[in-house]
Amino acid sequence: MDSKKNVMVFIESRSSKVAEISLELLSAADRLAKELGGSVEAVALGHNLEEELKVLGHYGCQRVYYTDDKRLAHFTSIPYAKTVVRMIKQYQPGIVLFGATTMGRDVAPRVASALKCGLTADCTDLQIGEHKIKDVTYENTLMQIRPAFGGNIIATIVSPESVPSMATVREGVMKMMLPDANKTVEIIPETCMIEEDDFLTEILEVVREEKQVNLKAAQIIVSAGMGASDAEAIALAKDLAKVLGGELGCSRPVVDSGILDKDHQVGQTGITVRPNLYIACGISGQIQHRAGMSEAKRIIAINKDPLAPIFALAHYGIVGDVKDVLGKMIKAYKTKA
Ligand SMILES: Cc1cc2nc3c(=O)[nH]c(=O)nc-3n(C[C@H](O)[C@H](O)[C@H](O)COP(=O)(O)OP(=O)(O)OC[C@H]3O[C@@H](n4cnc5c(N)ncnc54)[C@H](O)[C@@H]3O)c2cc1C
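From a predicted model like this one, the values you see are computed outputs, not experimental measurements.

### Some details on the packing of helix H6 (residues 231–244) against helix H10 (residues 322–336)
Moving on, step 1. Here H6 crosses H10 at 25 degrees, and the two axes come no closer than 10 Å. Regarding the angle of H6 to H10, the classification is roughly parallel. Here H6 and H10 pass one another in a crossing that is left-handed. The residues of H10 that touch H6, namely those facing Glu232, Ala233, Leu236, Ala237, Asp239, Leu240, Val243 and Leu244, are Val322, Lys323, Leu326, Gly327, Met329, Ile330, Tyr333 and Lys334.
Moving on, step 2. The class makeup of the residues in the contact of H6 with H10 is 11 nonpolar, 1 polar and 4 charged.

### Things to note about the domain arrangement of the chain
Moving on, step 1. Structurally, the chain comprises domain 1 (3–198) and domain 2 (215–336).
Moving on, step 2. Using only C-alpha atoms to locate each centre, domain 1 and domain 2 end up separated by 33 Å.
Moving on, step 3. Facing 7 residues of domain 1, the contacting portion of domain 2 comprises 8 residues.
Moving on, step 4. Across the side of domain 1 that touches domain 2, the residue classes break down as 2 nonpolar, 3 polar and 2 charged.

### Quick notes on the sheet that holds strand E13 (residues 220–224)
Moving on, step 1. Taken together, 5 strands build an open sheet; the order of strands is E14-E13-E15-E16-E17 and the sheet is parallel. Unpaired on one side and paired on the other, strand E14 (247–250) and strand E17 (316–319) mark the two borders of the sheet. Between one strand and the next, the sheet's axes are offset by a mean angle of 20 degrees, whatever the strand orientation.
Moving on, step 2. One ladder, built from 5 bridges, connects E13 with strand E15 (residues 277–281); its direction is parallel. Within the sheet, the bridge partner assigned to Ile221 lies in E15 and is Tyr278.

### A look at the site of the ligand
Moving on, step 1. For the ligand, the set of nearby residues contains 28 residues, the closest of which are Gly225, Gly227, Ser251, Arg252 and Gly267.
Moving on, step 2. Those elements that provide at least two residues to the shell around the ligand are helix H7 (252–256), helix H8 (287–290) and strand E16 (298–303).
Moving on, step 3. Here the residues of the shell around the ligand sort into 7 nonpolar, 17 polar and 4 charged.

What counts, and where the lines are drawn
- Residues numbered from 1 in each chain as written.
- Predicted model: local features only at pLDDT ≥ 70, side-chain atom pairs only at ≥ 80, totals over all residues.
- Axes fitted to C-alpha atoms, helices over the stretch in contact; angles between N-to-C directions.
- Helix = DSSP H or I, 4+ residues; strand = E, 2+ residues; numbered from the N terminus.
- Parallel < 35°, antiparallel > 145°, perpendicular 65-115°, else oblique.
- Left-handed = near helix turned anticlockwise from the far one by under 90°.
- Contact = placed C-beta atoms within 7 Å.
- Nonpolar A, V, L, I, M, F, W, Y, C, P; charged D, E, K, R; others polar.
- Domains from an automatic or database assignment.
- Pairing = 2+ DSSP bridges.
- Near = placed C-beta within 6 Å.

What follows is the structure, given as structure tokens:
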């Protein structure tokens, strides 16, 4: 079979667990590979991950090329990048996907540079399409779609003349498929070919700080924008989130002003969320914010400006002062509960 039809995913693991981003990428790879008539494969590195890697099969991965070595138990740039390059050269997939995470952003450019191929960062959509340059038509090309020029345009980027096409994708952007526990993955052991000299750093200890909020998993998010950014309004938004059993989100300027931590930021450069309910409080609704929340099932917008762009997206709009409205909502929900 033509290996160029295959889609390869770089698997990340944290604390010996496959990261969610890898499962999201496999879900996207499954869709792309079906269109190409190829298969989904993965490259994984680490130590004692065999049991954990079985989960990849549930998300449509057919084969995982797994390099097990004690020295790879924790991420280090050069050994990881060199191993991924070797796997790509050996198995020659047409497309390779990485998470736009700290690890993916470190590995992917090194791999692209070593293979002299294109890399599109922070894609928000991936499609298979046709691309024409002068008289040449490239079929089954990866269309790498992402916001550009500060989010003012959506660009489609192609790199048909270099193989593989490589992209990074932000967490939460690709919808994770429902796992099928009956599907299995073939785990193909690979020999670690990394020289001792490639380990330029020695990891002595890993200290992990858990996130205070998990916006990605939240089913209800109450999000504060600059119109709800003073201490009283933030406290009200937090209180409403608590009453509803949800989490507190925010827009980027609220983070940039040091009011809330980056873990709360929704949007193009923050977290992409898909909750059942998103309550946007004092948020104007600029495209960069919408990029992170437009797929919420229900959106309620509270804004004093009836012409605020957020109302074009919201299912329910409340025109009014955010503190008044939040106070009334909290009272109503508390009374109902
Ligand atoms: C490359 C790039 C990436 C970006 N990434 C992100 C991102 O990830 N997430 C993000 O959010 N932004 C992002 N931005 C910024 C984005 O362009 C907007 O500037 C930002 O979303 C605006 O935040 P806001 O709606 O809270 O503030 P504003 O635009 O200032 O809007 C405040 C709103 O509050 C309303 N308001 C004011 N007072 C009250 C009140 N008392 N009661 C009710 N309503 C009131 C106003 O009518 C207004 O609509 C990015 C920008 C760039 C260039």
